[in-house]
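# Coordinates in review
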Amino acid sequence: MSRMLTSILMIGSIGYFVFRFRYRLINVLLGSGWMRRIAVGSIMSLPGVKRKMMQSVFGGPSEW
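One structure accompanies this document, and this report is about it.

The rules behind these values
- Residues numbered from 1 in each chain as written.
- Predicted model: local features only at pLDDT ≥ 70, side-chain atom pairs only at ≥ 80, totals over all residues.
- Heavy atoms only, no water.
- Phe/Tyr/Trp six-rings, centres within 6.5 Å; stacked < 30°, edge-to-face > 60°.
- Buried < 20%, exposed > 50% of the residue type's maximum accessible area, 1.4 Å probe, protein only.

## A look at the packing of aromatic side chains
- Using the criterion set out here, one finds 2 aromatic pairs in the structure.
- Relative to phenylalanine 17, the ring of tyrosine 16 has its centre 5.3 Å away and its plane inclined at 70 degrees; by these criteria the two rings are edge-to-face.
- Ring centres of phenylalanine 17 and phenylalanine 21 lie 6.2 Å apart, and the angle between their planes is 5 degrees; on these two criteria the pair is classed as stacked.
- The class of phenylalanine 17 is partly exposed, set by a relative accessible area of 44%.
- Residue class for phenylalanine 21 comes out partly exposed when judged on its relative accessible area of 30%.

Put into C-alpha cells, the structure is as follows:
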C-alpha cells in the first residue's frame, strides 16, 4: 500500500512540474534541429492541421 501511494505521489509530482514548466521543456526539446523536424513533420502529417495551415499562410477560400 505504501509503495502504491509513493508511486502515485511521484507521478503526480512529475505531472505537476511538467505542467508548470511546460514552455521551458518545449523550448529545450525544440532547440535541436532534428527534434524540431520530427515535431513539425508529425504535426503537418495530420490532414486537418495541414489544410488550415496552408490556407492561413497562402490564402484561399475560407470555409467559415
